[in-house]
Every structure is written in structure tokens, then in C-alpha cells.
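For reference, the chains in residue letters:
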Amino acid sequence: MDATATDIYLEDDATSPQEQKTAETFIGLLKGSVILEEHSVDEEGDNFPTHTPRIPSVTALSNVGRDDHYALSDADRRAICSFRTAAVSQTKARQKSFPQSLQEWEGYVTDIFDATFVARLVDITGRSNVATEEAEFPLDDVADGDRALLKPGAVFRWTIGYLKSPSGTKKRTSQIVFRQLPQWTGRDIALADKKAREIFSSISWE
Amino acid sequence: MRISPDTDTVSLVLVGDLNPRIFRPDWFAAQGILEPHALAAADIEIVHSEVTKFSFDWLTIKVDKKRFVAVTEEPPHVRLADLVVRTFGEFLIHTPIYMLGINRAIQFPVKDLSTLDIIGKALAPHDAWGEWGPQISGTTEKHGGLRSLTMEQANLDDRKKGFVRAKVEPSPRYRPVGYGVSIDINDHYELSTPDNAVGCADAVDLVSTHFETSLSRSAWIMDQVMALAK
């Protein structure tokens, strides 16, 4: 996709801290004060190095920040867009904190009180299939958007782990996420019925 | 996994005939699949008849006419399966889907170049390259070795056609100050051919029943590679 004057103008008009950082990196790239190996982000979100992008011309550099962006040649626009993509990808990758899960349980709600709820827990990390633990959680631990899902029988995942910052510091995290399980379909019910009949017919009564 | 990865990315890929314009954030909100308040802060890159891409909080969705890709880096990963099962199982059941991928990619650090070499040489011994072998490693500054290796298992009991592929490479994430490894597992299911695909019930069933088993197997394969670093 070719760059447009609008693409370039948006970078100059950045307002959020991340956009500002990206814009600064972008301008630094253009001025040669920042040298980055260009990276792309694939479908899995991984960064991988690609080719070295074409260097924009001196004309392009001198036009950055001016209103007459349309003076840029198509080749320079493409080159600047390429740098912009590299800068955005790198900035995002560097600023992001990565969650590391240490333990995960699946829970189902058994009781709800004024300030807490109680759930039976299955240890997913330990590959258990049955609920072996029970825990009480503050209602405040439930995200606002999940409050409507909190009811007896509701299923959720509870994960504890670390949030590792780009600088390497770790922050302990605990998160409750209610699952949005699919509705039973006619096909599901028919399959369950078929399976139940198979099990029933396989039982030998004495 | 015996070494905590620094990134752990899970993606679900459905290949078929899709209409990208459907997959708007407000459509997901209207169906109750995604939480409307979170979607209000969605970063919408493009919504177009050819391609849709947006991300918010824990999720990125990219759809073109042949491929639906949902990606997350945040646990619990099962949210991804719930999203796909609800989207295609409840609302888009007639969408022709003929291939499915349950993919997981990690990057983990190793303590030094020597450890990276141990892993590389265990997976791809230099001796196998004959007289060239001794020349491959070189010096610390001009260092050679394994750059990419893909291993495939095709004989799997849980599908008629497909494979599990594991790709191992040195990770660029840790350069230039350190060293690390990236492992990318592609758990691929071929459900039918493009011409014969009818609906997506099989894909939905597979995601529903195999998603967490697949991620566990991926973690197990990754752990085999990590074991080489010890």
C-alpha cells in the first residue's frame, strides 16, 4: 500500500505519548540520528528482521514537518512509510509488557455473597479434570465488564503470573476472566444424545 | 515449560471463504461475543471489503477473503477458542472453512552464545555437513550456525490430514546484548478441499475439543528444545 500525504501528516500530528515517541523515532530515523534494523510483525506477533529500507532523499528530509507534503515524490513517500512502519513496530514491541502465566485454574461459581463469591477450582496447569479446591474471591477482583456474567454456575479462568516489563522488572498479577461459552446447538445436543446412548448400550447389567 | 518464555503468542487461523467486512468490532459487540466497553477502545486499523484488522486489550483480529486470524499474547488463551467457537459456531456456521491452524510461538532467553550453539548443534549437527562442518561456527564476531529448522510430524491420530510443524530459530529479540531462541509450532488440520468445503462445523468442533490439547502438546514440544539448553 502506497504512503499518502495523510499518513505522513498524522505522524507529525502525534499527540499520545506512544504516538509522540513513534514520531520522534521516525524523525530520528529520517535525520539519521536513530539507526534501526527494520522489523516486521508477523501473524503471530513476532518481530523478525527484514530488509534494510530505502533511505528517503534529502528533499524528503527537508520536507518533513512542513505543510507541503505533496512535494514528496512517490518513491520518498513509500520510503518514509516504510520507515514509519519500522518505527511503529519497534516502538510497540519495546514498550509492551509481556504477561507470563504461572498457574491457571478453571472455576465455577457456587455461591455469591455481598462482597465475595465462592468457586470450585480445577487445576488446569496440573492437567486435572476434577475440581479439587475451593476458594473465595472478592467481587472487586471481577472486571466491570464481567460483572453481568457473575452468577451461580458461571465458568471462569483464574490465572496468576507475572507482568514482565521491557526493562525486565516483574509485577505479580492475578486475573479472573469469565468465559463466554457457546450456546448449545441442536448438533451439540444430538451428539451428546448419541454419545449417551452409546454409553448406555455398552453397560452390561447383571 | 522449564524456561519461562518472554513472549507466548497463540493464534487461531481459519482458512476458507470469508467476508472481511462482517468482522467489525461493533458486530462482535452486537452479538455479545466481545465486551462492548473494551471494544470502545479498539484500535481499528482497517475495515474494508478486502481486509479487516483491529486489536484491543488481549486480542488482535485480522481477516481477509481467505483467512481469519485471531491472536493473543495474554493468558488465559482459552478466550481465543471461546471467541472462535461462538463466532463461527453460533453466528457464521455456514462459512466454508477448509483448513485450521492452532499455532503457538514463544521466545526464550539462553545464557550465552555457547548455549545457543549447543541447541543448534543438537538439532543440526555440523558434522553432517562433511568437510564444511568445521568451518561453520567461525568466531564470536562472525558467527555461523543453525538459522532455521523446521521439523514435521504428519502421522497423527486426531485428524485425517494435516501435520504438526515446529520451527526453531535464533531469536532476534535478544540481540545485540543477549541470545535467545524462538520456537513456532503450527498445528495444522486440513478439513476438506476449497471446492468441497461446506460450513465450518468441523472446524468449530476441532477448536472446541482440541484447542487446549494442542497448546499443551506445543508446550511439550517446546520443552524438548529447552531441555537441550541445560
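As the structure is a prediction and not an experimental result, all values here were calculated from the model.

S.K.: So what about the overall build of chain B? Which residues, and what values?
M.R.: A tally of regular secondary structure across chain B gives 6 helices and 9 strands. Summarising its shape, the C-alpha atoms of chain B cover approximately 60 × 40 × 30 Å along the three principal directions. Burial analysis of chain B (230 residues in total) assigns 52% to the buried set. Residue pairs at least 24 apart in sequence account for 68% of intrachain contacts in chain B once pairs closer than 6 positions are excluded. Carbon and sulfur atoms make up 52% of the accessible area of chain B, which totals about 11000 Å². The centroid of the 24 positive side-chain charges in chain B is displaced by 3 Å from the centroid of its 31 negative side-chain charges.

S.K.: Go over the sheet that holds strand β7 (residues 170–178) of chain A, please, and point to the residues and values.
M.R.: Residues and elements named next belong to chain A. The strand order across the open sheet built from 5 strands is β5-β4-β3-β6-β7, with neighbouring strands paired in antiparallel fashion. In this open sheet, the two strands that pair with only one neighbour each are β5 (133–138) and β7. Strand-to-strand twist across the sheet, computed as the mean angle between neighbouring axes with direction ignored, equals 35°.

S.K.: Can you explain the interface of chain B and chain A? Please cite residues and give values.
M.R.: On the side of chain A, 31 residues touch chain B, which itself brings 36 residues to the contact. In total, about 2800 Å² of surface goes out of reach between chain B and chain A, with carbon and sulfur atoms giving 47% of it. Our enumeration of links across chain B and chain A arrives at 3 salt bridges. A salt bridge links Arg 179 of chain A to Asp 82 of chain B; the shortest N-O distance between them is 2.6 Å. Taken together, the links from chain B to chain A amount to 6 residue pairs in polar contact (both at pLDDT 80 or more). Breaking the side of chain B that touches chain A down by element, the ones donating at least two residues are β1 (7–16), β5 (67–72), α3 (78–91), β6 (97–110) and α6 (201–227) of chain B. Here the side of chain B that touches chain A takes 7 residues from α3 of chain B, the largest share from any one element. Its residues placed into classes, the side of chain B that touches chain A shows 11 nonpolar, 9 polar and 16 charged.

S.K.: Which residues make up the environment of Ser 148 of chain B, and what values go with them?
M.R.: All names here are of chain B. The residue Ser 148 is located in the loop between α5 (133–136) and β7 (149–153) in this model. Linking Ser 148 and Glu 45, residues 103 residues apart in sequence, is a C-alpha distance of 31 Å. Only 2.9 Å separates the side chain of Ser 148 from the side chain of Glu 169, close enough to count as a polar contact.

S.K.: An account of the packing of α3 of chain B against α6 of chain B is requested, with residue identities and associated values reported.
M.R.: Residues and elements named next belong to chain B. Between α3 and α6, the least distance of the axes is 9 Å, while the angle of their chain directions is 170°. Here α3 is positioned roughly antiparallel relative to α6, judged by the angle of their axes. Residues Val 78, Leu 80, Ala 81, Val 84, Val 85, Phe 88 and Gly 89 of α3 form the contact with α6, whose participating residues are Val 204, Val 207, Ser 208, Phe 211 and Glu 212. Partitioned by chemical class, the residues of the contact of α3 with α6 number 9 nonpolar, 2 polar and 1 charged.

S.K.: Could you give an account of the nonpolar core, with specific residues and numbers?
M.R.: Residue and element names in this part refer to chain B. In terms of nonpolar packing, the biggest core is built from 37 residues, with Phe 28, Leu 34, Leu 59, Ile 61, Phe 68, Leu 83 and Phe 88 touching the most fellow members. Breaking this core down by element, the ones donating at least two residues are β1, α1 (25–30), β3 (51–56), β4 (59–64), β5, α3, β6 and α6. Excluding residues that lie within four positions of it along the chain, Leu 83 makes contacts with Phe 28, Ile 33, Leu 34, Leu 59, Ile 61, Phe 68 and Ala 70. Core analysis: the second largest hydrophobic core is formed by 19 residues, Ile 3, Phe 108, Ala 166 and Val 225 among them.

S.K.: Account for the sheet that holds strand β2 (residues 43–47) of chain B, with residues named and values stated.
M.R.: In sheet architecture, strand pairing relies on hydrogen bonds along the backbone and comes in two forms, parallel and antiparallel. All names here are of chain B. Spatial ordering of the open sheet is given by β2-β3-β4-β5-β1-β6-β9-β8-β7, a layout of 9 strands whose pairing is antiparallel. Every other strand in the sheet has two partners, leaving β2 and β7 as the edge strands with one partner each. Each adjacent strand pair in this sheet contributes to an overall mean axis angle of 10°, direction not counted. The pairing of β1 with β5 spans 6 bridges and is antiparallel. Within β5, the residue paired with Ser 11 across the bridge is Val 71. Those strands touched by α6 are β1, β6, β8 (162–170) and β9 (179–190), and its axis lies near 25° from that of β6.

Conventions we followed
- Residues numbered from 1 in each chain as written.
- Chains lettered and ligands numbered in written order.
- Predicted model: local features only at pLDDT ≥ 70, side-chain atom pairs only at ≥ 80, totals over all residues.
- Heavy atoms only, no water.
- Helix = DSSP H or I, 4+ residues; strand = E, 2+ residues; numbered from the N terminus.
- Buried < 20%, exposed > 50% of the residue type's maximum accessible area, 1.4 Å probe, protein only.
- Contact = heavy atoms within 4.5 Å.
- Areas by Shrake-Rupley, 256 points an atom, 1.4 Å probe, with all protein chains shown as cover.
- Lys, Arg positive; Asp, Glu negative; His and termini not counted.
- Charge placed at Lys NZ, Arg CZ, Asp CG, Glu CD.
- Pairing = 2+ DSSP bridges.
- Axes fitted to C-alpha atoms, helices over the stretch in contact; angles between N-to-C directions.
- Buried area = accessible area lost by both parts, 1.4 Å probe.
- Salt bridge = Lys/Arg side-chain N within 4 Å of Asp/Glu carboxyl O.
- Polar contact = N/O pair within 3.5 Å; in protein donor to acceptor, adjacent residues only side chain to side chain.
- Nonpolar A, V, L, I, M, F, W, Y, C, P; charged D, E, K, R; others polar.
- Parallel < 35°, antiparallel > 145°, perpendicular 65-115°, else oblique.
- Core = buried A, V, L, I, M, F, W, Y, C linked by side-chain atoms within 4.5 Å.

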